[in-house]
Amino acid sequence: MLKQKTKSLCAFALAGVMLASLVAGCGGGAKEPAKTAAKEPIKFGIIGPYTGPNAKPGQSMKQGVNLAVEEINKAGGVKGRQLVAMFEDDASVPAQSVSATEKLINKDEVAFLIGTFNSSTTLADMKIIERDKTPMMVPIAVAIEITESGNKWVFRNSATNPMQAEQLMNYIYKQTKQRKFAVLHENTDYGKGLMIAVESYIKKNGGSMIAESYSIGDTDFYAQLTKIKNNAPEGLIICGNLSEGSQITRQFKELGIKAQLYGFGGLSSYDFNNVAAGSNDGLIATSYFENASPNPLAQNFIKAYKAKYNVDPDMFAAAIYESVYIAKDAIEKAGDAKDIAGFRVALRDQLAKTKDLAGVQGPTTFDAKGQADKQVMIIQWNKGQKSILFPKAK
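As the structure is a computational prediction, the values presented were derived from the model and not from experiment.

S.K.: Please clarify how the overall build of the protein should be interpreted in this entry.
M.R.: Of regular secondary structure, the protein possesses 12 helices and 12 strands. Counting only residues that meet the buried cut, the protein has 51% of its 394 residues in that class. By sequence separation, contacts in the protein at least 24 residues apart represent 68% of the contacts at least 6 residues apart. Here the protein displays about 18,600 Å² of accessible surface, and carbon together with sulfur accounts for 54% of that area.

S.K.: Which parts of the structure should I look at to understand unusual backbone geometry?
M.R.: Note on backbone geometry: most residues besides glycine have negative phi, and most peptide bonds are trans. A cis geometry characterises the amide bond from Gly-115 onward to Thr-116, with omega recorded as -5°. Relative to the assigned elements, Thr-116 resides in the loop between β3 (112-115) and α4 (119-131). The backbone phi angle of Ser-92 is positive, close to 65°, even though this residue is not glycine. Note on placement: Ser-92 falls in the loop between β2 (83-89) and α3 (94-107). Among the residues examined, Ser-92 registers a relative accessible area of 10% and is labelled buried. Phi at Asn-310 takes a positive value of approximately 60°, unusual for a residue other than glycine. Of note, Asn-310 is situated in the loop between α10 (296-309) and α11 (315-333).

S.K.: Looking at this structure, I do not really get the pairing of strand β11 (residues 377-382). What am I missing?
M.R.: Both faces of the sheet carry side chains from a regular strand, because those side chains alternate between them. Strand direction decides the pairing type here: strand β10 (residues 284-287) and β11, joined by 4 bridges, are antiparallel. Among the inter-strand pairings, Ala-285 is bridged to a residue of β11, identified as Ile-379. Of the strand pairs in this sheet, β11 and strand β12 (residues 385-390) are connected by 5 bridges, and their pairing is antiparallel. Counted as the bridge partner of Ile-379 is Ile-388 from β12. Where β11 folds back on β12, the antiparallel hairpin that results is connected by 2 residues, among which Lys-383 adopts a positive phi of roughly 55°.

S.K.: What should I look at first to understand the pattern of salt bridges in this one?
M.R.: A side chain of one charge can pair with a side chain of the opposite charge when the charged atoms of the two come close. Following the criterion strictly, the structure yields 13 salt bridges and no others. As a salt-bridge pair, Lys-328 and Glu-332 come within 2.7 Å of each other at their nearest N and O atoms. Of this pair, Lys-328 and Glu-332 both sit in helix α11, separated by 4 residues, roughly a single helical turn. By relative accessible area, Glu-332 is classed as partly exposed at 37%. Lys-333 is the salt-bridge partner of Asp-329, the closest N and O atoms lying 3.2 Å from each other. With Asp-329 and Lys-333 both in helix α11 and 4 residues apart, this pair spans about one turn of that helix. Via salt bridges that share partners, Glu-88, Lys-103 and Asp-108 belong to a single interconnected network.

S.K.: Please explain the packing of helix α5 (residues 161-175) against helix α6 (residues 189-205) as it appears in this structure.
M.R.: Helix packing geometry: the angle between the two helix axes and the distance between the axes. Packing of α5 against α6 brings their axes to within 9 Å, and their N-to-C directions diverge by 45°. What the angle tells us is that α5 and α6 run oblique. Crossing of α5 against α6: the hand is right-handed. Residues Asn-161, Pro-162, Ala-165, Glu-166, Met-169, Asn-170 and Tyr-173 of α5 pack against Asp-189, Tyr-190, Gly-193, Leu-194, Ala-197, Val-198, Tyr-201, Ile-202 and Asn-205 of α6.

S.K.: Would you explain α6 in this entry?
M.R.: Residues that lie three or four places apart on an α-helix share one face, since the helix turns once every 3.6 residues. An ideal rise of 1.5 Å per residue puts 24 Å on 17 residues; α6 measures up with 24 Å between its terminal C-alpha atoms. Turning to α6, the residues buried within the fold contact α4, α5, β6 (180-186), β7 (208-214) and β8 (235-239). Positive backbone phi, approximately 95°, marks Gly-206, located one or two places after α6.

S.K.: I tried to follow the nonpolar core on my own but got confused; where do I start?
M.R.: Nonpolar side chains in soluble globular proteins tend to be buried together. With 70 residues, the main nonpolar core has Phe-44, Met-169, Ile-237, Phe-264 and Phe-301 as its most contacted residues. For this core, the element with the most residues is α11, which contributes 12 residues. Discounting chain neighbours no more than four positions away, the residues touching Phe-264 are Gln-164, Ala-165, Leu-168, Tyr-190, Leu-194, Val-198, Ile-237, Ile-238, Cys-239, Ala-285 and Thr-286. Counting residues in each nonpolar core, the second largest holds 21 residues, with Ala-182, Tyr-214, Ile-228 and Leu-267 among its members.

Parameters and conventions
- Residues numbered from 1 in each chain as written.
- Predicted model: local features only at pLDDT ≥ 70, side-chain atom pairs only at ≥ 80, totals over all residues.
- Heavy atoms only, no water.
- Helix = DSSP H or I, 4+ residues; strand = E, 2+ residues; numbered from the N terminus.
- Buried < 20%, exposed > 50% of the residue type's maximum accessible area, 1.4 Å probe, protein only.
- Contact = heavy atoms within 4.5 Å.
- Areas by Shrake-Rupley, 256 points an atom, 1.4 Å probe, with all protein chains shown as cover.
- Pairing = 2+ DSSP bridges.
- Salt bridge = Lys/Arg side-chain N within 4 Å of Asp/Glu carboxyl O.
- Axes fitted to C-alpha atoms, helices over the stretch in contact; angles between N-to-C directions.
- Parallel < 35°, antiparallel > 145°, perpendicular 65-115°, else oblique.
- Left-handed = near helix turned anticlockwise from the far one by under 90°.
- Expected span 1.5 Å × (residues − 1).
- Core = buried A, V, L, I, M, F, W, Y, C linked by side-chain atoms within 4.5 Å.

The following block contains the structure:
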């Protein structure tokens, strides 16, 4: 009897120990606080030309993004979550850009996209972001169709082709008597869009224009420039980027063409100046961003960028840096979502509400089409340095 009672007591005690262990294992009665899992990072994709003819501005894009991410994460991230930038190269090729977009959205499950550099690649990607309901910030590509297509998932914080063309032509018509022009444009959505915008302005305001085109990657422009020389224009407007633009300015000088040179954003960077090797002297171009900007946010950015990369930022770095901060602001205001699809929708809805948000390029307000009203500057090259012609310093 005593032996049986002893066995019962031992069994009861053992059961008690097991129960206590089970409760402790479930967290009940544990003296140590439960460990909280770190919040998952917010991944976003950046598609750009990190190889190919536009690799130089592609490098600026990378550096601008990395600086913004570093600053935001160092300050605690966004709602306690770190940002993770995922880069994909499109080499300025639409088909490659589409593949990169597909990968980032469906395999990497990014919350949003930033890109691309070229209008043709951006337009190709827009079909994917609309289908997969993923917001995309467009800080550089300027084709008017990007925000005129009715795609509610795209938001652009740069001036469109018509905005840039009108501001450059306004300057020319107010400051000079030139009314006879030639346009040499790359045969892309970007180049053709600028040519059409310039042509429309000239038809409306008086004057004449001839147009010649070329393909990305071309190096010989003598045939087009000879035709232009024979037409004797007062101004030659180049609608292209730095690789071809620098060859055009060299060959323009070699042929001794007597006309004022003009260009757009791709011809206002120091990378262009370096490869043009003096042939760009006197060229007047539009610019989204200049280091002489009195904007305090711009000056802080310039200082941080130069400290990190030992070089001044160009307008491509500034534009994409600003777009990361626009996305950050929208994420902070967006509600929590159960899954990535819900997060993308909430982010898109907040981006659409962006109004008067301060940035390195000035304030951003998106209209109903996702387009920000951005002003450009007019600069002129002289012996490797830029001067701002418009707006005049106050």
